Amino acid sequence: DYNVGFNVERESNGELGIDRIYDNNGTLTEIRRDELRQTGLKQMDLFLNTASVLSETHLQFNSKFTVKNGPENQIQTREPQISGSPGGVLFKDSQNNTSYELGLTAERELAKDLKSKAILLYTYNDFDLKNLQSNTNVEGRQTLLRIAYNETTTREGIARLELDWAGLPGHNLQFDIEGAYNSVDGYLLQTDDTGAGPAIINVPGANSLVEENRGDFSLKDTWSPGGFELEYGLAAEVSRISQSGDTELRRNFFFLKPQARLSFAPAAGHQSRVLLMREVAQLDFDDFISATVFEDDDLALGNPNLRPDTTWISELGHEYRYSSQGVVKLTAFHHLIKDVLDLLPLSETYEAPGNIGDGR
C-alpha cells in the first residue's frame, strides 16, 4: 500500500485588545491598546506512507514534511495616565519553520503466543524567528529599534522494542525497552539602537545546546482470575542531560515507576477500579534556554538546573453502565507531586521556569 498526501494552508487574522497597567496602590498608570495583524501565514505539508508484508513481517513507513512561514505585526499605543505623552510601539515577527518526521514500524510473531513490535522514529525541526520592536514618541520620532534573530533546532530519535507473551493461562506479559536521544540547539543575537547605532545585547543562557540520552524499560503483567483483573508492573528510567555553550552542566537521573491497577466487576454494568502508580514528567528543553519577550518588556531566562517532577497517583473509581448509551463514573483521586514545575518571577523584568517544591 502507498499513500501520498498534500496539504496547503494560508491564514490571515486580526485581534484587538487593551491592557491596563496599575501600580502597587491600585492607581491606573498606563493604558496599552494592541492591534494584532497576521497576514499570509503559509503552511505546506507533504505525507508519504507505505505498508507491506515481507516474510511474515508487517512493515509500515510513515513520513511527514512541513514548511511554514509568514509575518505577524502587533501595533501597540501606550497612553501614560500620570505623566508623559502617548507613544507607539510596533512589533514585527517573521518566522520560517521547516520540519520532518520519519517512522518505521515492524511487527512479527516470533513464536506461538509471542508477538514482537519494533519502532524507529526520528523528528527534526528548524525554527527561525526574527523579532523587531520599534518605539516612537508623540512626534513620531523613533526612540528605540530592537531586533532579535533567533534560531532553534530540535532533534529526537527513538528506538523501541515491545514483546507480548500469552503463554501462561490467564496472564498476558508485556516487556518494553526504549532508547531515545533529544537535543535542542538555541542561538540568539539581539541588538538595541537608541540613536547611536545598534549595540549587541548579552542575553545570558540564550546560546546553548541541550542534549539528553534516555533509556526506559518496563515489565507488566495482566492477570485475570474470575471477575477480577490485576494489571501490575515495574518500569525504570535512566537519563543523562548535558548542556554546553553559555552554560556547561551535566546531570544523571534514575527513576523507578511501579504501577498496579485492580478492576472488579461485581455485576453486569458495574466495574470498580483501584489504581496506584508513579509517573515521571518529560522536561521541555526550551525551558533550559533563555528567550526575549519584546511584547512584555521581559526576558524569559532558561534554567539548566530543572528536574522532572514525579507524581504518585492513587485513584478509586466506580463505573455504572445503565444502557447501551449511558454511563456514570465516580472517581476519587490524590496526586502527590515532588519537584513541582512552575514559573518563578526573579524581578520585575526577569522570570525563569523552576522547581518550587512539593505539591498535591
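For the structure itself, look to the data block above.
Residues numbered from 1 in each chain as written. Predicted model: local features only at pLDDT ≥ 70, side-chain atom pairs only at ≥ 80, totals over all residues. Heavy atoms only, no water.

A tally of regular secondary structure across the protein chain gives zero helices and 18 strands. In terms of overall size, the protein chain is more extended than a compact globule, its C-alpha atoms giving a radius of gyration of 27 Å where 360 residues would be expected to give roughly 21 Å. Overall, the C-alpha framework of the protein chain stretches about 85 × 50 × 45 Å when taken along its three principal axes. Every one of the 360 residues in the protein chain was classed for burial, and the buried ones make up 32%. By sequence separation, contacts in the protein chain at least 24 residues apart represent 60% of the contacts at least 6 residues apart. Accessible surface computed for the protein chain: about 21500 Å², of which carbon and sulfur atoms make up 54%. Charged side chains in the protein chain number 33 positive and 55 negative. The centres of these two groups are separated by 3 Å. (Helix = DSSP H or I, 4+ residues; strand = E, 2+ residues; numbered from the N terminus. Rg over C-alpha atoms; globule rule 2.2 N^0.38 Å. Buried < 20%, exposed > 50% of the residue type's maximum accessible area, 1.4 Å probe, protein only. Contact = heavy atoms within 4.5 Å. Areas by Shrake-Rupley, 256 points an atom, 1.4 Å probe, with all protein chains shown as cover. Lys, Arg positive; Asp, Glu negative; His and termini not counted. Charge placed at Lys NZ, Arg CZ, Asp CG, Glu CD.)

This brings us to the pairing of strand β2 (residues 28-54). With 20 bridges joining them, strand β1 (residues 2-22) and β2 adopt antiparallel strand pairing. Within the sheet, the bridge partner assigned to E11 lies in β2 and is L41. Between β1 and β2, which pair antiparallel and follow one another directly, the connecting turn spans five residues, one of which, G26, has a positive phi of 85°. Examined bridge by bridge, β2 and strand β3 (residues 57-80) share 21 bridges and lie antiparallel to one another. Paired with L46 across the strands is F65, a residue of β3. (Pairing = 2+ DSSP bridges.)

Turning our eyes to something else, we now look at empty space enclosed by the protein. It is the rolling of a water-molecule-sized probe over the atoms that shows where space remains empty. Under the counting rule described, the total for this entry stands at one cavity of 30 Å³ or more. Taken as a whole, the largest cavity encloses approximately 50 Å³ of empty space. Lining the largest cavity, in full, are E212, E237, S239, I241, F253, A281, Q282, L283 and P308. No other element matches strand β10 (residues 228-245), which puts three residues into the lining of the largest cavity. Residue classes in the lining of the largest cavity are distributed as five nonpolar, two polar and two charged. (1 Å grid on protein atoms, 1.4 Å probe; cavity = no way out; pocket = protein on both sides within 12 Å on 5 of 7 lines; lining within 4 Å. Points joined across faces, edges and corners; volume = space filled by probe spheres on them. Nonpolar A, V, L, I, M, F, W, Y, C, P; charged D, E, K, R; others polar.)

Here Q190 shows up in strand β7 (residues 171-193). A distance of 3.5 Å separates the side chain of Q190 from the side chain of D192, its partner in a polar contact. Every residue in contact with Q190, bar those within four places of it in the chain, is listed here: R146, I147, A148, A199, I200, I201, V203, T292 and F294. (Polar contact = N/O pair within 3.5 Å; in protein donor to acceptor, adjacent residues only side chain to side chain.)

A volume near 510 Å³ is recorded for the largest pocket. In terms of lining, the largest pocket is formed by 30 residues, of which the most central are F127, L129, N131, N150 and A291. At the level of elements, β2, β3, β4 (87-111), β5 (114-136), β6 (142-165), β7 and β13 (291-293) are the ones that each hand at least two residues to the lining of the largest pocket. Split by residue class, the lining of the largest pocket holds 14 nonpolar, 12 polar and four charged. Approximately 330 Å³ is the volume attributed to the second largest pocket.

Attention now goes to the packing of aromatic side chains. Under the defined criterion, the tally for this structure stands at seven aromatic pairs. Ring geometry for F228 versus F264: centroids 4.5 Å apart, planes at 20°, classification stacked. In this pair, F228 is assigned in strand β10 and F264 in strand β11 (residues 249-264), connecting sequence segments 36 residues apart. Residue F264 is classed as partly exposed on the basis of its relative accessible area of 31%. Seen from their ring centres, Y320 and Y322 are 5.9 Å apart, and the 40° between their planes marks the pair as tilted. (Phe/Tyr/Trp six-rings, centres within 6.5 Å; stacked < 30°, edge-to-face > 60°.)

A few words on a nonpolar patch on the surface. On the surface, V4, F6, V8, M44, L46, L48, F65 and V67 cluster together to form a nonpolar patch covering roughly 720 Å² of accessible area. When contributions to the nonpolar patch are tallied by element, the ones reaching two or more residues are β1, β2 and β3. Secondary-structure assignment places M44 in strand β2. (Patch = residues over 30% accessible without salt bridge, like charges linked within 9 Å, V, L, I, M, F, W, Y side chains within 5 Å. Salt bridge = Lys/Arg side-chain N within 4 Å of Asp/Glu carboxyl O.)

Below, the discussion takes up the pattern of salt bridges. As a working rule, side chains carrying opposite charge can pair if their charged atoms are close by. The full count for this structure, using the stated rule, is 17 salt bridges. With its nearest N and O atoms 3.1 Å apart, the salt bridge here joins E79 to R33. You can see E79 sitting in strand β3 and its partner R33 sitting in strand β2, a full 46 residues away along the chain. Of the residues examined, E79 reaches a relative accessible area of 23% and is grouped as partly exposed. Taking relative accessible area as the criterion, R33 reaches 38% and is therefore assigned partly exposed. Put simply, R160 and E162 hold a salt bridge, and the shortest N to O gap is 2.7 Å. The class of E162 is buried, set by a relative accessible area of 16%. Beyond isolated ion pairs, a larger network of salt bridges with shared partners links R160, E162, D176, E178, E212, R214, D216, E237 and K257.

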